[in-house]
Amino acid sequence: MPRQPNSSPQSLSLLRAFLAEPQAWHYGYSLSLATHLKSGTLYPMLMRLQSQGLLEARWGESDTPGRPQRHLYRLSRAGLAAARAAMLQPQRARPSRTRLKLREQGAME
Amino acid sequence: MRRLEERLLDTLFFAASLSIGAEDRGWLDAVRAESAVLPERREAWLWAAGALPLLARLLLRRLFSDLPVIPVAIAAGVIMAAVDLSSTERWPAALLSLAFTAALSFAYPRWAWRWAFAVTLVLPLAVDTGIEGPYANEPFDSYYKVPQALLMAGVGVWLRFRWQRRRTAG
């Protein structure tokens, strides 16, 4: 079965963070705090969402004077629809080892 | 100390951004800008380290851009190697490798050094696997076309740049 795009737990966690405040612009660091994703995971995901047209990005002034401009992100209209659809998808639960063992035992009986 | 670290991070990010295209530099700048606002030094460094997988991804994407051209360049390399290994003269193959590299670099100027390597490294590969030409090979002799092809890739890119400038001016 082909994998749904943006259906990994990390992607869903990121989309959930965006959906918490769908109209707001988010900093990378605030997204990292909300999702517990490290920058090395977060930014490739943001890059992918933007290339899919699901994310808008802009540069904004830093809160601290003298610091470089920060990148801000929010879901585009298509992104909002995709995120809401992704939330409605049934989550594919990974079967636990115990459940797999029980299934194997059941097959043997 | 923090100031020194900031300068060091700026330098590292600047050096990294040179290896990727202008359209992708914004992502590295975004990581750097966030790391600059983090109060904890360790956290700032860890955040900045996240640029490494991002950079690897951007480099790979760039390396495999123009994907259909890669087999074409390798095919050109095979033709060049076949000519070199079947001729007693060296100039026909040398001329071919230069022409192929210049043409590919003119048509696809992004990271044109890829075409130079793809065209010229087929011959050493063939020689290393035991295929011998009609002339005696010194060790590393078959690599002599690589620097010439790299130079020619530069020429191809320069010609493309000039051609584009003339087109936009006209």
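Residues numbered from 1 in each chain as written. Chains lettered and ligands numbered in written order. Predicted model: local features only at pLDDT ≥ 70, side-chain atom pairs only at ≥ 80, totals over all residues.

**Looking at the overall build of chain A**
Formally: Only DSSP runs of H or I reaching four residues or more are called helices, and only runs of E reaching two or more are called strands; each is numbered from the N terminus. The burial criterion counts other C-beta atoms lying within 10 Å of a residue's C-beta, which is placed from the backbone; the residue is buried at 20 or more, exposed at 12 or fewer, and partly exposed between these limits. C-beta atoms are first placed from the backbone for all residues, and any pair lying within 7 Å is then listed as a contact.
Across its full length, chain A carries five helices and three strands. For chain A, with 109 residues in total, the buried portion stands at 23%. Contacts in chain A between residues at least 24 apart in sequence constitute 49% of all its contacts with a sequence separation of at least 6.

**Topic: the overall build of chain B**
Helix and strand content of chain B: nine helices and zero strands. Ordered by position from the N terminus, the helices and strands of chain B form the series α-α-α-α-α-α-α-α-α. Long-range pairs, those at least 24 residues apart, make up 67% of the contacts in chain B with a sequence separation of at least 6.

**Quick word on helix H4 (residues 51-63) of chain B**
To be explicit about the condition: By this rule the span expected of a helix is its residue count minus one, scaled by 1.5 Å.
Taking 1.5 Å of rise per residue, 13 residues should cover 18 Å, and H4 of chain B covers 18 Å from first to last C-alpha, within 8% of that figure. Buried residues belonging to H4 of chain B abut helix H3 (39-51) of chain A together with helix H1 (2-18), helix H2 (25-37) and helix H3 (41-49) of chain B.

**A few points about the sheet that holds strand S2 (residues 55-60) of chain A**
Inclusion rule: Only strands joined by at least two bridges in the DSSP assignment are considered to pair. Axis definition: a line fitted to C-alpha atoms, limited for helices to the stretch in contact. Angles are taken between N-to-C directions and run from 0 to 180 degrees.
Overall, antiparallel pairing links the three strands, which are arranged S1-S3-S2 (chain A) in an open sheet. The open sheet has two edge strands with one neighbour each: strand S1 (26-27) and S2 of chain A. Strand direction decides the pairing type here: S1 of chain A and strand S3 (residues 70-75) of chain A, joined by two bridges, are antiparallel. From the neighbouring strand, Tyr 27 of chain A faces S3 of chain A, where its bridge partner is Leu 72 of chain A. Lying on the sheet, H2 of chain B is in contact with S1 and S3 of chain A; it crosses S3 of chain A at an angle near 110°.

**Brief notes about the interface of chain B and chain A**
Where we set the bar: Each residue is assigned to one class: nonpolar for Ala, Val, Leu, Ile, Met, Phe, Trp, Tyr, Cys and Pro, charged for Asp, Glu, Lys and Arg, and polar for all the others, Gly among them.
Taken residue by residue, the interface counts 16 residues in chain B and 16 residues in chain A. If you list the elements that add at least two residues to the side of chain B that touches chain A, you get H2, H3 and H4 of chain B. A total of eight residues in the side of chain B that touches chain A trace back to one element, the largest contributor, which is H2 of chain B. Residues belonging to the side of chain B that touches chain A are distributed by class as follows: 12 nonpolar, one polar and three charged.

**Concerning the nonpolar core**
Convention followed: Defined on buried residues, the nonpolar core groups Ala, Val, Leu, Ile, Met, Phe, Trp, Tyr and Cys residues joined through C-beta atoms within 7 Å.
Core analysis: the biggest nonpolar cluster contains 28 residues, and Tyr 43 and Leu 46 of chain A together with Trp 27, Leu 28, Val 31, Ala 51 and Leu 54 of chain B have the highest contact counts within it. Looking at which element gives the most residues to this core, the answer is H3 of chain A, with six residues. If we ignore the near neighbours within four places in the chain, the residues touching Leu 28 of chain B are Phe 13, Ala 16, Ser 17, Ala 51, Leu 54 and Leu 55 of chain B. Counting 22 residues, the second largest nonpolar core, distinct from the first, contains Met 80, Ala 93, Leu 96 and Ala 112 of chain B.

**Here we look at helix H9 (residues 145-169) of chain B**
Residue and element names in this part refer to chain B. Here H9 is 25 residues long and its end C-alpha atoms lie 36 Å apart, about the 36 Å a rise of 1.5 Å per residue gives. Within the span of H9, buried status applies to Lys 145, Ala 149, Met 152, Ala 153 and Gly 156. In this fold, the buried residues of H9 make contact with helix H6 (91-107), helix H7 (113-120) and helix H8 (122-128).

**Quick word on the confidence of the model for chain B**
What counts is decided by this rule: Confidence of the predictor in every single residue is expressed as pLDDT, which spans 0 to 100.
Of all residues in chain B, 98% attain a pLDDT of 70 or more, and the chain-wide mean is 88. In the predicted assembly, ipTM is 0.74 and pTM is 0.69.

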